[in-house]
Structure formats: C-alpha cells, structure tokens
Amino acid sequence: MADQPTNHPETNVATTGLQSNVAMLAEVSPQGRKPRRSPFGNALTHIVLWIICAAAIIPFLWMVSTSLKTLEDAMAFPPTWWPSPFQWHNYMDVLTSKKANFLLWTRNTLVIAVLAVAGTTLSSAVVAYGFSKVKFKGRGPLFALMLSTMMVPFPVTMVSLFVLFRWLGDTTGVPWLGTFKPLWLPAWFGSAFNIFLLRQFFITIPDELSEAARIDGCSEVGIFFRIILPLARPALAVVALFAFMGVWNDFLGPLIYLQRPEQFTLALGLQNFQSQQGGTPWQLLMAASVLVILPVLILFFIAQRTFIEGIATTGIKG
Amino acid sequence: MRTQSKELKDFLKGMGFLSPWVIGFVLFTAIPIGLSLYYSFCDYSLLQPPAYIGWANYRELFHDPIFWKTVRNTFLYAIVALPAGMFIALGVAILLNVKMRGQTIYRTIVFLPSLVPAVASAMLWLWLFNAKLGLINLALRKIGISEPPLWLADATWAMPALILMSFWGVGNTVIIYLAGLQDVPKELYEAADLDGAGAFQKVWHVTLPSISPVIFFNLVMGIIGTLQVFGTPYIMTGGGPARSTYFYTMYLYDNAFTYLRMGYASAMAWVQLLVVIALTALAAWTSKHWVHYQGK
Amino acid sequence: MRVLRIALIILLIGPGLGLLFFGPRDTAELPRDRVIVDYWEKWTGNEETQMRSIVNAFNDTVGKEKGIFVRYLSTSSVNQKTLIATAAGVPPDIAGIWDPNVPQFAAMDALEPLDGLAEAHGITAGTYKPVHWKACHYDGKLYALISTPYDVALHYNKSLFAAKSTELRAAGLDPDRPPNTIAELDAYAKVLDTLNPDGSIQVAGYLPLEPGWYATYTPFWFGGSWWDDENKRFTFTDPKVVRSFEWIQSYYRRLGQSAMSEFRSGTGNFDSPQNPFMAETLAMEQQGTFLANYIHNTKPSMDGRWAAAAFPSDDPALTDVTYCTADVLVIPRGAKHVNEAFEFIAYVNRQDVMERLCSMHCKTSPLANVSAKFMNEHANPYIAVFERLAASPNAHGTPPVPILPQVGEELGNFFQRLSSLEITPAEELPLMQARLQKKYDEFIKRQNNRKKPADEMPGQSLEN
C-alpha cells in the first residue's frame, strides 16, 4: 500500500532525474552529441592512440607470456615472446603450492569483502539519507566535517587505530587484532566518500515522493527502505563495487592487522609468496598475478558502466 | 514550545540516521587523531606504558636525516609523478574524446591498467624492470642502448622507474577528465571556431579553463594520494637502493611496526596530517586564480 | 553480448560462492582435551615438513602424556609479525625467530625470560657451545633456546678450480686447495673470473655480496668487530673494520658496479638452480652449513664437486674464524601457555631430538656434546669442518645490539652506496658510527626512562 506510489509516474521522474545527474557527471560516451573532429588530424590521432594502447597492454601480454613459460625459458637470455610449449600447469602449481594457499586467501578476501561491502553500502546509505532527506539544525556543519575527514590519510591514524583495536581486544576479551574485524568492522560506520556520493544522489530524488509516502503513514525508516533505496540502486552499485575493489586491493591494512598466513588476504598473500620466494620463480609469480588480476578484469567487463560512472563521480581508484 | 519540540524531534531523527557515521567518526577518526597527538609527545612501544617526553619526538624528527630523506623522496615523487601523470592523462583524455572508430576499445585498453591491484602491478613491474631479463631493457638494447639503466638496482634510476611505472595507471584519471570534457559547452568550441582558433588554442583557451575544476579535484586527491605511497615501493624496492625510494609512509610504518616506536611514528603522522591540510588549503587558495566554475 | 555477460557473471559468482561456502578454512581439527600451543615458525617447504615431523613426534609422545598439543603455523617475516602480534596482545605461545632478534625483543620486554624454566629442565650453560649460549642471552638473562644453528664457511667449486688449474698454477696458486688468507682469496678470485667480451661477468671467482648475507660480519675475518660489548659502544671506526669494508668495496672497484649488478639481476633465488653457486657461475661463496642440503636437492650433479673450508682471514695467524647464528625458539610476553610452550622447547633441546632436527636441516648442533652418530650420518660431508668452526675460540655470534633493525637498515644502505662507489668506508664509517651510537644511547635513555614509571605503577602495565 504504502509503496504503491513508487510504481507510478513519479518514479520515472525520479529515475530520469538521477540518471541525468549521473549522466551529467559521468556519461562518457555521449550519445546524440555532434561528432567532434580531432584537433590533430585523424590518422595521427590513431597512431598516437595505438602507441599509448601498446604501452598499456604490452605489460599484460608479457605477464601472461612469462606465466606460461618454464623457469629456464623465463630466465633465458635473450627472452622470447612465445612460450614453447605452454606450461599451463604453472597455474595449477601456484594454486597447489606448499608455500602459498591462494584458495584460502581468496576466501579470506571474499569474507572480508562481503562484510565490508554490505556494511559500507548500508551504513553509508543510512547516513546519506540523514544528510539529504532529514532537515535538522547542525546538518551543514556536520556535513562539512564529514567531507573534511576524506582528507585524513590512513597512515595518520593507523598507529592509534592499532592501539585502539588492541584496547578493544583487551576490554572486550575477544581479540580484535590478528582477526578480520579491524578490516571490515569500520565499514559498518559509513565512509565519507560513499556518504557524499549517495547524498548527491539522494538529493536528486524529489521530496514529493517521500511526502506522499509520509501522508500514507509510512515511517521515515519505511521511506528509506521502500522508496529511496530501490531508486538509488545504480549509486549503491557504484558504492558496493568500489568497496569491493578497496578490499581486493588493500595491502597496508592487512599487513598491519593480520599476522598469520592462514588469515592473509590475496594481496598480502601474493606479496608474501613473492618475498618468500625471493622473487625469482618469475613464471609462478606472473601466474599468481594473473590469477589476482583476472577476477577484477571479469568484473570490469560485467559492470563496465558502474566502474566508469563510479570513477567519474568519485575519482577514487578501485 | 511547539516548534522547539519539532526542532528537537527533527534533530533526533537526523542524528538517528547520522549515528553510524557519528560513532564511526568518533571511534575511528577523532579518537585516533587525538590519541596520535598524545602519543606524539610520548615514548611508547605498546609493550610498555607510554612515557611523556614532551617535544622530544618532534625535536628528533627535525634532526633525523632519514626523516628528511623520506620527505625529500616523497615530495620528489609528488612533484614529478603527479603533474606529469596529470598532463599525460589530460592529453590522452583529449585524444580519446575525439569521436572516431574504435574509441570504446581505445578507452577500455587505456583504462585496464588502473584496474590492476597495486601488489600485482608491483610484481609485474619488478619483472619488467629486471636489469638483465626485463622487457624494458630488452627494448632499450634493441634500439641501440647497449648499457641501459639498472632501474631498481641503481639508486639513481629507482625513483624514475617508480615514476615511470605510475604513468601506467593513469587510466582512472583519464576517465575523470573524459567526464569533465563532456561538460565543456560545445558553444564555446563553436565560438572559438568562428574566431578561427587552431587546435592547440582551443585546448588552451576553451578546454583547459572549462575543466579546471576537475584538474583541481585531481590535484588535491593526487597530493593526498602521493603522500601515502606505500605498497609499491615496499614490495618492489623495500626503500632501496641506498634509501632512494624510501617514502614517508614506509618510514612511518617502520618506526611503528619494525622499531615499535609508536610515539615517534605518531609525531610523523601528525606532521603528515598538517602537511596534507596545508597543501589542500594551498591548492584551494590558488585555485581561485585558475579554476573557473561554470555558473552552476 | 548478453549471453557473454551472463556467462561472465556465472564465471565470477559461481567460484566465489563456492569458495565462500566450501572453500578451505583457517580451522584445523584440534584435540579438545589438550592445551593448544601455537607455534609460529619461519620455515616453508622441506624445512617445514621436517620441523612438522618433530612437532608431530612431540604431540604423539610428551605432548600426549602432558596434555599439550603444539600447532605449527608457518609465518613469513616471523620476527616482525611476532613483534607486532606481541604488541597487539595476541602473541603466539612459541615463535621461531633468529638469534640476532633476541636483544631487540628482550630489551623491548617482548619476551618471557626463560632462566627458571631452563634450569628446571636441566638446561644450563654447559649444555650449549659457548657462542650459542651467549647468543640466547641479553643483559644477563636467558630469553631463547636454539632450534637449529649454523656457521659460515667458504664453499668452493672444485670443478671450476680444476678447469683453471693451469692458470692458477701459473699465478703460483694450488688448484687443489682453497685459499687460506684474504690475499689468497683475492688472487684465486682474479684468476677464476671469466668475463664476456662486453665486460659482463660469465663466471665470477668470488663476490662479497653474493649472497652477502654475512657481509655485515666481515670484520670478524679481519680480527675486528663493530661492537664493543664491554663498553656498549659501536666501533665502526676501528681500522680493522674499515679495512674489512674496504676489502668488500675493492671487488666493486675491480669488476665495475654495472657488471656486478647485471650479474646479480640474472641470478635466481637462493634455493633455485639459478643460484649462481649452483649454476656454477660463481666459484667461491661464503655460506652456511645448510648449503649442502640445497645443493643436493637442487643440483645433485654437483655433489662431490664442491668443498667447504674455514673462510680465510686477513691475518694468517688468525684461524678458524666463523660467524655463528641460529634459529631460536622464544616465548613472547603475554603468551597464554608459557609452561606448556617450554615443554616443547625443552623437547627440541633433548640431544636425540636436536640432532635429528639439525641433521634433517643439515646444520650443526648447538649442544656441547655431539654424538658420533650425528657426525657420521650427517648429510653435509664437511660437517666436521663446521662443528670445528662452531667450537673454535674465533667463533663469533651476532653482536647483542638491541637496535639491530636500525643497524641493519644503516648497513644495508651503507652496502648499497659502497657498491655504487658513492662513498668510501673511511669517509662514511665515522658518520655511521656517530649516527648509530646516538641512536643506541637514545634507545637506552628511553628504556631507562620508560622503566621507571612501569615499576612504580605495576597496575598500569598493559600485560593483561
């Protein structure tokens, strides 16, 4: 009953409104725009872009090529491009290596990622709702304060966070350090970037929608869950995606908080694998790197638009 | 009476929604920053209770040659890698903004490297920079440079190597510029066309001023980002050779977690915070002179 | 396109969920009726398997009797991880670190003193060789016991010597024996060097920084040391120390920095066939007792073609000089099961167990008494040389400096600049001496300053 209005024309108004907002900030391939001619002549542009793309892609090819060689081939001088024969078992060797446990590390990363993504998406949305849809005294200054915390680099707080988590462990009687908690729990308290992103999104949703629901007797929490969240799906996807990338790529956090290899994340595990090997079984290191990169690349091809919009609006690297 | 209670009710409602952030802010930002300040005046190893030592940590920092070395390295990296990267990204973005065949493919390829997790790209570039077997020196030898640099093994070339490598990941900055370029009103280009402006003049007089807010944004984020560089040099060089790639955050990390000098590390953290604030303020202040916000 | 997208989504989500729900876990089956002792150890690969066999043997015998179960957890950078975990209040019960870490850890109150427990188990000064017993102490207290020790010697490739026998003889050197003095080592190295036409190194006679693990301790072979333990002072300006580092630099002057660096970037990891000594592109190497094991496992065709001898010293009167170091077992402060942990440490220090472990790891024994069986069945054909060196009066341990990480950082930087010929030891060492002495004095001052309030307010301790 209460959510009935959301199925009706107003919804479309709202969605197009926020779509155009994202489009304005992020639309990268402009449709219906007049083709712009190259300022430097077409052929030259193509050549320059070819060179740039070669520079971008050759490292990948080299990585894959090395990952399929024997160690002797990889270290042969001068090196060759084409592995012969292809050593596909390198990938199995990495996955079953006694010095590494990539499956466990992937699972650890996924556990942290699921908890962190769920936490940051939900909590940032709740807070963003407060910053955009509830009018109260002190909102402006608080918002400014929140924005300013975006500037605080992690290294600034890492030492005292470490002490703080130690204290939390001592006080609660359950260890915090040496567990995943420091890596995902803070995500449940919102992150400034995500709150900002979602707030920008929420303010484009017309208030009439919430008003109508309020008149229908819907509570503030009901409005948030039944009206705002469904409408904000594209923005939530951006937040979730980047939270996931954040966990997948994070190195310093796990380095500080995790000590046992059984708990490592993939990024930390990869570095551990390299340092333990002294860095020389290049074919295995490259195979391991390919395995770490591959899921991200697949994710990108699935959610290309979300990626591009996310980067364009927030400017954060995943 | 009534309005007051409504105001209070709204405030409570608002704070209810804000509460996760408020708690998180207090616990994970405000308290740690405050604690850092306190510890920065202490000698603290975590294994023994903190002992107050006044300004000693800051005084020691001031006379610590390694501290200054890491400051120098970090700024060197920031001053070279950041503007050069922004320049390259802008150039690529302008090229990619041209409507042409294969545009989507070009954009995708340029973007791909910035997806690579820092640890994996460190592995890859360690291999590419290998003095004997690396692809880069292989290419350099091919084009007739018989004694190419030893890159990461040479104190003179390690930093340039890291800077060079950073350009590989400019893809996301390119995307930000591309988004910014969409907002340049095409009337401005048309007007410039009427004035008979050439390609470079258009870039200089139309494109750059129009996207200056984006440049500004990238600059601020870039400053904060470069001051935190850690993973890549930590994995690739460990700060060497001869401390030539020892970055500020690495030294902070070492003080905290190798030497267990939490107080000294906290002093470094506070210095870093103040520098970030100062640089951001500076960027904001100078931006008045070169950032043109369109009237929206 | 749509089909592809869906296929990709399935490809990503499927294994993801599979891993989440059915993937490997960080929980092993542990016996419920026993005290679980967590043991962090650095070893992976063969050494891990071997140590695990000791752990299993303990769990099946003494552990079963006394209700203790040791859980082996392999941990990289174990020293740093242990220190952080101890600071974090979540230390393991036992950590397998290196003896050079002991002074730093002990000075920072990161370790449980073991004197009482060791005495109760009958482990006393007479149990160990003197150099090892000393290395387990800091400031008069026992903080560690040894798992496996080793000492370093000169390893040389007999085939490479033989291949150049004419040239060696022409230079007045005997191809059938190793060099006895530093001057001789240099002479051998020069003859054994084989350069490519472009100046790059094909075979190197000797490279002081390959692998360079013990370069820091080079002064021992020159009759000096950079630490005076009686006066608690660094002695980097001691002429013998200066000379020893000048000797290292002489190789870089002779062969050129770029040739050396290029040689090194083409070499492989220590335990790979690309290790230059095993690739037979390096004729002489300073390395520890365990190298025999790696040669045998990685390049069995080299068995019998190499030999080990005391690393030559500068002064011919100075014989059997070596650097001894060890993997040690410590109990971090705040460990939950100190007594149970020590049961395992004591078990490892039983002569039979110790000799089994040390011979598996292909290392010397730290114990004063060495059985004939150990000597006869050891995998290293030169075990007698290594045992003799370890018991020699010229065997040196790591200087007990509590700021060793800082010293290591300084020296690492020093060697890098030394090898690029940017500095000379005579110029740089006085500066380093001043910097490190200041760091040490400040460290001691801080420690004294710290300990006062801790003693006055015992309740303030973070121990619990």
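Residues numbered from 1 in each chain as written. Chains lettered and ligands numbered in written order. Predicted model: local features only at pLDDT ≥ 70, side-chain atom pairs only at ≥ 80, totals over all residues.

Participant: Honestly, the overall build of chain B in this entry has me stumped. Any pointers?
Facilitator: When its secondary structure is counted, chain B shows 14 helices and two strands. Its C-alpha atoms give chain B a radius of gyration of 24 Å, clearly above 19 Å, the size a compact globule of 296 residues would have. The principal-axis extent of the C-alpha atoms belonging to chain B is close to 75 × 70 × 30 Å. Counting over 296 residues, chain B shows a buried share of 50%. Long-range pairs, those at least 24 residues apart, make up 67% of the contacts in chain B between residues at least 6 apart in sequence. (Helix = DSSP H or I, 4+ residues; strand = E, 2+ residues; numbered from the N terminus. Rg over C-alpha atoms; globule rule 2.2 N^0.38 Å. Buried ≥ 20, exposed ≤ 12 C-beta atoms within 10 Å, placed from the backbone. Contact = placed C-beta atoms within 7 Å.)

Participant: Help me out: how do you make sense of helix H12 (residues 233-249) of chain A in this one?
Facilitator: Residue pairs three or four apart in sequence face the same way in an α-helix, which turns once every 3.6 residues. With 17 residues, H12(A) ought to run about 24 Å at 1.5 Å a step, and its terminal C-alpha atoms sit 24 Å apart, in line with that. Most of H12(A) is tucked away, with 14 of its 17 residues classed as buried. (Expected span 1.5 Å × (residues − 1).)

Participant: Explain the interface of chain A and chain C here, please?
Facilitator: You'll often see interface size given as the accessible area lost when the parts meet. Tallying the contact residues gives 35 residues for chain A and 30 residues for chain C. Secondary structure elements with two or more residues in the side of chain A that touches chain C: helix H5 (102-133), helix H7 (154-172), helix H14 (266-277) and helix H15 (282-302) of chain A. Of all the elements, H5(A) adds the most residues to the side of chain A that touches chain C, at six residues. The residue makeup of the side of chain A that touches chain C, split by class, is 15 nonpolar, 13 polar and seven charged. (Nonpolar A, V, L, I, M, F, W, Y, C, P; charged D, E, K, R; others polar.)

Participant: Quick question: what am I supposed to make of the packing of H15(A) against helix H1 (residues 2-22) of chain C here?
Facilitator: Between two packed helices, both the angle of their axes relative to each other and the distance between the axes serve to describe the pair. One can describe the packing of H15(A) onto H1(C) by two numbers: an axis separation of 9 Å at closest approach and a directional angle of 145 degrees. Of the two possible hands of crossing, H15(A) and H1(C) adopt the one that is left-handed. Packed against H15(A), whose contacting residues are A:Pro295, A:Ile298, A:Leu299, A:Phe301 and A:Ile302, the element H1(C) presents C:Arg5, C:Leu8, C:Ile9, C:Leu11 and C:Leu12 at the interface. Tallied by class, the residues present in the contact of H15(A) with H1(C) amount to nine nonpolar, no polar and one charged. (Axes fitted to C-alpha atoms, helices over the stretch in contact; angles between N-to-C directions. Left-handed = near helix turned anticlockwise from the far one by under 90°.)

Participant: Please clarify how the environment of C:Gln351 should be interpreted in this entry.
Facilitator: Residues and elements named next belong to chain C. Among the secondary structure elements, glutamine 351 is positioned in helix H15 (residues 351-360). The spatial distance from the C-alpha of glutamine 351 to the C-alpha of serine 365 is 9.0 Å, given a sequence separation of 14 residues. Residues contacting glutamine 351, with those up to four places away along its chain left out, are Leu367, Asn369 and Ser371.

Participant: What exactly am I supposed to notice about the interface of chain B and chain A here?
Facilitator: Between chain B and chain A, the residue contacts involve 82 residues of the former and 85 residues of the latter. If you tally residues by element for the side of chain B that touches chain A, the top one is helix H1 (residues 2-39) of chain B, at 20 residues.

Participant: Before we go on, may I ask you to explain the environment of A:Asp207 in this structure?
Facilitator: Residue and element names in this part refer to chain A. Inspection of the secondary structure assignment puts aspartate 207 in helix H10 (residues 207-215). On the basis of neighbour count, aspartate 207 is assigned to the exposed category, with 11 C-beta atoms found within 10 Å. Residues aspartate 207 and phenylalanine 251 lie 44 residues apart in sequence; the distance between their C-alpha atoms is 42 Å.

Participant: Just checking my understanding: could you explain the environment of B:Gly196 for this structure?
Facilitator: Structurally, the position occupied by B:Gly196 is in the loop between helix H9 (186-194) and helix H10 (199-210). Taking C-alpha positions, B:Gly196 is 31 Å from B:Phe217, a pair spaced 21 residues apart along the chain.

Participant: Teacher, can you tell me more about unusual backbone geometry here?
Facilitator: Excluding glycine, residues mostly have negative phi values, and the peptide bonds linking residues are mostly trans. At the junction of A:Ser84 and A:Pro85, the peptide bond is cis and its omega measures out at -15 degrees in the coordinates. On the secondary structure map, A:Pro85 appears in the loop between helix H3 (71-74) and helix H4 (89-96). The omega torsion across C:Glu210 and C:Pro211 is 0 degrees, close enough to zero to call that bond cis. Mapped onto the fold, C:Pro211 is located in the loop between strand E8 (201-206) and strand E9 (227-228). Of note, the phi angle at C:Lys232 is positive, near 50 degrees, even though the residue is not glycine. Looking at the secondary structure, you find C:Lys232 in the loop between E9 and strand E10 (233-234). Here C:Lys232 falls in the partly exposed class, since 14 other C-beta atoms lie within 10 Å of it.

Function-wise, these values are silent; they only describe arrangement.
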